Amino acid sequence: MQRNIHLCGARILAGSVLAALAVLGVGCAGQESPTPPAGADDAAMAEAVRSEILHAWRGYERYAWGQDELQPLSRTGRDWHEAGLLMTPVDALDTLILAGLDEAAARARELVAAELRFDHPIEVQVFEITIRILGGLLSSYQLTGDQRLLELAEDLGERLLPAFESPTGMPYRYVDLVTGETSGPESNPAEIGTLILEFGTLAKLTGRDVFYDTAKRALVELHHRRAPTGLVGEKIDVETGEWTSTRSLVGARIDSYYEYLLKCELLFGDAECGAMWREAREALHRHLADDGPDGLWYGEADMRTGERTATRYGALHAFLPGLLALDGDLDRARRLQESGYRMWSLHGVEPEVLDYRTMEVVSAGYRLRPEIVESAYVLHELTDEPRYREMGRTFFRDLVHHCRTEAGYTVLESVVTKEQGDLMHSFFLAETLKYLYLLFEPKALDFRGVVFNTEAHPLRRTW
Ligand code: DMJ
């Protein structure tokens, strides 16, 4: 059976891939190449990334205006819920501002300020809405001083608060924005523990401690349920406080919990968060780190015993080098980023999950994820080593080569076949392109003056 494959925006039959590649040429002949030649200087790289930010944004403007996300192959938009929440414009706004794309930023800002409303009776995922929308509104408010964005953030924060009304204080996964009804008692560390930067900043900017205290309690309650090994598991019931999956890793469902433990201390000076991070960090190094001839990786273990259960690492795990670097552990950070770069280079784009022992792909999709670029940016800021811009050149070249379409950028169904899917996640503009731009144009932002939330929204201490 023949399958359709999309490459460089063209639909072709799977059997003809190689012939089509030859016709299209490596850089998709017929399109002016957005990739600067090898050896181009950093300014040229920054300019090239900036113009791809505009390309991705224009795809959204043209085909998905007013909706949550762009589907660039079908050239349509999609909403997450019955009512849209302008996910892409909110997520992209600070990227447009930082890249100096003033007209696009003004259009995005007016759309958000004029059209975004939260009085829809829709059940939203607390974590996603917090990191993308609350985080995006707060950082854009700090960059522009536009009071309307802070008012929206406060309204949203208020509507999310009922999610925390569980017997343990850890939030349910979903809450209705109008009725406050909750659902989804089985949650996970990432969704419970990745709220303090946004709720904390909202508390500081509005003078309402309830936002800080509520999110902090959830974080502490989760940490208190760690195993004697110091590890947390992958799933937990917020009503009983019992773990429902004891699989422990630094990837999906847990990743940003670790990130926020450290960043809570960095942004708010909260020593209790710092102490929780340092304890968690030791458990990671002891039980999950796999340091051998194949390099440094962080695999999986059972939280109760600390015994190795899998040798898997992936696109989400790749935030860890950046976090270790922020914590001052440049040695581990450098080595882990080299492992991530090997993972990327295996097929010319990283897979969602890889078995690092066999180097076999376990989950082949690529969702336009930013984490490996984020780590390159942070490492470059902290070491000034050219290695990380070299990596950035590779990431950018490969993204353009495999994920660019005429109407924006899109996910890959498989990094092995390079078959394209049909979605530009909002975090591509919020994170992947922002970190790439900042890697080559660091002066666009005072790195030491901000803490990035997990959706790459820079938050500044203004209190
Ligand atoms: C983003 O929404 C955030 O970075 C989150 O922490 C993980 N998933 C995506 C990007 O991969």
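Residues numbered from 1 in each chain as written. Predicted model: local features only at pLDDT ≥ 70, side-chain atom pairs only at ≥ 80, totals over all residues. Heavy atoms only, no water.

A. Region of the structure containing the state of the cysteines. For the coordinates displayed, the defined rule picks out one disulfide. Across the disulfide, C264 is cross-linked to C273 (sulfur-sulfur distance 2.2 Å). Because the torsion about its S-S bond is 55°, the bridge between C264 and C273 counts as right-handed. What makes C273 buried here is its relative accessible area of 0%. (Disulfide = S-S within 2.5 Å. Buried < 20%, exposed > 50% of the residue type's maximum accessible area, 1.4 Å probe, protein only.)

B. Examining the packing of helix 15 (residues 387–403) against helix 16 (residues 426–440) more closely. Taken N-terminus to C-terminus, the directions of helix 15 and helix 16 make an angle of 135°; their axes are 10 Å apart at the nearest point. Considering the angle they form, helix 15 stands oblique to helix 16. As helix 15 packs across helix 16, the resulting crossing turns out to be left-handed. Here Y388, R389, G392, R393, F396 and L399 of helix 15 come into contact with helix 16, specifically with F428, T432, L436, L439 and F440. In terms of residue class, the contact of helix 15 with helix 16 is made up of seven nonpolar, two polar and two charged. (Axes fitted to C-alpha atoms, helices over the stretch in contact; angles between N-to-C directions. Helix = DSSP H or I, 4+ residues; strand = E, 2+ residues; numbered from the N terminus. Parallel < 35°, antiparallel > 145°, perpendicular 65-115°, else oblique. Left-handed = near helix turned anticlockwise from the far one by under 90°. Contact = heavy atoms within 4.5 Å. Nonpolar A, V, L, I, M, F, W, Y, C, P; charged D, E, K, R; others polar.)

C. Seen up close, the packing of helix 8 (residues 196–206) against helix 9 (residues 209–224). Orientation of helix 8 relative to helix 9, taken along the N-to-C sense of each, is 160°, at an axis distance of 6 Å. Classified by the angle their axes make, helix 8 and helix 9 are roughly antiparallel. Crossing of helix 8 against helix 9: the hand is left-handed. Contact residues: I196, F199, G200, L202, A203, K204 and T206 in helix 8; D209, F211, Y212, A215, K216 and L219 in helix 9. The class makeup of the residues in the contact of helix 8 with helix 9 is eight nonpolar, two polar and three charged.

D. Focus on helix 14 (residues 371–383). Helix length check: helix 14, at 13 residues, gives a terminal C-alpha distance of 18 Å against a target of 18 Å (1.5 Å per residue), a fit within 8%. For helix 14, a buried count of twelve out of 13 residues is recorded, marking the element as mostly surrounded by other parts of the structure. Structurally, helix 14 contributes buried residues whose contacts are with helix 10 (255–268), helix 12 (320–326), helix 13 (330–347), helix 15, helix 16 and strand 21 (450–452). Of the residues trailing helix 14, D384 is marked for its positive phi of about 60°. (Expected span 1.5 Å × (residues − 1).)

E. Structural view of the nonpolar core. L116, I133, L137, Y258 and Y298 are the most contacted members of the largest nonpolar core, which totals 149 residues. Ranked by residues supplied to this core, first place goes to helix 2 (residues 42–64) with ten residues. (Core = buried A, V, L, I, M, F, W, Y, C linked by side-chain atoms within 4.5 Å.)

F. Spotlight on unusual backbone geometry. We note that M359 has phi near 60°; this positive angle belongs to a residue other than glycine. With respect to the helices and strands, M359 occurs in the loop between strand 17 (353–355) and strand 18 (360–363). At K418, a residue that is not glycine, the phi angle is positive and equals roughly 70°. Secondary-structure assignment places K418 in the loop between strand 20 (408–409) and helix 16. The class of K418 is buried, set by a relative accessible area of 12%.

G. Fine view of the environment of S140. Structurally, S140 is set in helix 5 (residues 126–144). A sequence separation of 319 residues divides S140 from L459, and the C-alpha atoms of the two residues are 9.1 Å apart. Look past the residues within four positions of S140 in its chain and what remains in contact with it is L93, D94, I97, G145 and L149.

H. Quick peek at the site of the ligand. Looking at the ligand, the residues that line it are I131, R132, L316, R369, P370, E371, F427, E431, T454 and E455. The separation between an oxygen atom of the ligand and a polar side-chain atom of E431 is 2.8 Å. Between the ligand and E455 there is a distance of 2.6 Å, counted from an oxygen atom to a side-chain nitrogen or oxygen. Out of a free accessible area of 290 Å², the ligand has 92% covered by protein chains. (Near = heavy atom within 4 Å. Polar contact = N/O pair within 3.5 Å; in protein donor to acceptor, adjacent residues only side chain to side chain. Areas by Shrake-Rupley, 256 points an atom, 1.4 Å probe, with all protein chains shown as cover.)

I. Summary view of the packing of aromatic side chains. Taken as a whole and judged by the stated rule, the model has 18 aromatic pairs. Grouping aromatic residues by their ring pairs yields a cluster made of Y341, W344, Y366 and F395. Above the plane of the ring of Y341 lies R387, whose end atom (NZ or CZ) is 4.9 Å from the centre. (Phe/Tyr/Trp six-rings, centres within 6.5 Å; stacked < 30°, edge-to-face > 60°. Lys NZ or Arg CZ within 6 Å of the ring centre and 35° of its normal.)

J. Representation of the sheet that holds strand 17 in the model. Strands sit in the order 16-17-18 across an open sheet of three strands; the sheet is antiparallel. Two strands in the sheet have a free side with no partner beyond their single neighbour: strand 16 (312–314) and strand 18. Going from strand to strand, the sheet's axes swing by 35° on average, the running direction of each strand aside. In this sheet, strand 17 lies alongside strand 16 in antiparallel orientation, the contact comprising three bridges. Bridge pairing in strand 17 links G314 to V353. This element, helix 13, spans strand 16, strand 17 and strand 18 of the sheet and lies at about 80° to strand 16. (Pairing = 2+ DSSP bridges.)

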